[in-house]
Amino acid sequence: MAKPIKTKSPPQLRVVGDAEIYDLMRAPENTAERVKRLQMEAKALALEEVEALERVLLDAASKAKAIAEGGDAYPVGAREIASRLVADLPSKAETIRVIVQRTL
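The rules we used
Residues numbered from 1 in each chain as written. Predicted model: local features only at pLDDT ≥ 70, side-chain atom pairs only at ≥ 80, totals over all residues. Heavy atoms only, no water. Helix = DSSP H or I, 4+ residues; strand = E, 2+ residues; numbered from the N terminus. Areas by Shrake-Rupley, 256 points an atom, 1.4 Å probe, with all protein chains shown as cover. Buried < 20%, exposed > 50% of the residue type's maximum accessible area, 1.4 Å probe, protein only. Contact = heavy atoms within 4.5 Å. Salt bridge = Lys/Arg side-chain N within 4 Å of Asp/Glu carboxyl O. Expected span 1.5 Å × (residues − 1). Polar contact = N/O pair within 3.5 Å; in protein donor to acceptor, adjacent residues only side chain to side chain. Core = buried A, V, L, I, M, F, W, Y, C linked by side-chain atoms within 4.5 Å. Axes fitted to C-alpha atoms, helices over the stretch in contact; angles between N-to-C directions. Parallel < 35°, antiparallel > 145°, perpendicular 65-115°, else oblique. Left-handed = near helix turned anticlockwise from the far one by under 90°. pLDDT = per-residue confidence, 0-100.

Draft legend 1. Summary view of the overall build of the protein. Helix and strand content of the protein: 2 helices and 2 strands. Ordered by position from N to C terminus, the α and β elements of the protein give β-β-α-α. Accessible area for the protein stands at about 8,600 Å²; split by element, carbon and sulfur atoms hold 59% of it.

Next up, the structure:
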């Protein structure tokens, strides 16, 4: 039976920061470079989390609208809170969007 041919896999590359490509198989030249790269990665991950929060707030506003307009099937207090959330959540999501755009 023939042995499978082992091919060398290409180096793993990751986009970091402003479209900078970093070869993960290569050690950083010095500690300062590594710190800079890790800070850029952390900032990118934090931005993803903030954008995810914005989407969740908009989804929650949509669900709150359905409850607020749901009529007698929902308790009065729940409908009241939901109607307040419908008014509040989209503006909070917009505020987050503006903050993120300022930091870019």
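Having seen the structure, we can now continue with the description.
Draft legend 2. Region of interest: the side chain of glutamate 54. Counting through the fold element by element, glutamate 54 comes out in helix H1 (residues 31–68). Judged by relative accessible area, which is 11%, glutamate 54 ranks as buried. If we ignore the near neighbours within four places in the chain, the residues touching glutamate 54 are Ala93, Ile96 and Arg97.

Draft legend 3. Region of the structure containing the pattern of salt bridges. Evaluation of the coordinates by the stated rule reveals 5 salt bridges. Residues arginine 37 and glutamate 41 are paired through a salt bridge, measuring 3.2 Å at the closest nitrogen-oxygen approach. With arginine 37 and glutamate 41 both in helix H1, this residue pair falls 4 residues apart, about one helical turn. With its nearest N and O atoms 3.8 Å apart, the salt bridge here joins arginine 79 to aspartate 72.

Draft legend 4. Layout of H1. With 38 residues, H1 should cover 56 Å at 1.5 Å per step; its first-to-last C-alpha distance of 55 Å lies within 8% of that length. Within H1, the full set of buried residues consists of Arg37, Glu41, Glu54, Leu57, Ala61 and Ala64. The distance from a side-chain oxygen at the start of H1 to the backbone nitrogen of alanine 32 is 3.1 Å, and the residue carrying that oxygen is asparagine 30.

Draft legend 5. Structural context of the nonpolar core. Core analysis: the biggest nonpolar cluster contains 6 residues, these being Leu57, Ala61, Leu89, Ala93, Ile96 and Val100. Within the residue set of this core, elements represented by two or more residues are H1 and helix H2 (76–103). If sequence neighbours within four positions are ignored, leucine 89 has contacts with Leu57, Ala60 and Ala61.

Draft legend 6. Examining the packing of H1 against H2 more closely. Viewed as axis vectors pointing N to C, H1 and H2 meet at an angle of 155 degrees, and their least axial separation amounts to 8 Å. Looking at the two axes, H1 sits roughly antiparallel to H2. Every pair of crossing elements has a handedness; the one defined by H1 and H2 is left-handed.

Draft legend 7. Expanded view of H2. The first and last C-alpha atoms of H2 sit 41 Å apart over 28 residues, in line with the 40 Å expected at 1.5 Å per residue. Taken together, the buried positions of H2 are Arg79, Ala82, Leu89, Ala93, Ile96 and Val100.

Draft legend 8. Region of the structure containing the confidence of the model for the protein. For the protein, per-residue confidence averages 83 on the pLDDT scale, and 75% of positions sit at 70 or higher. When pLDDT is averaged over each helix and strand of the protein, the minimum, 51, is found for strand E1 (residues 13–16) and the maximum, 94, for H2.

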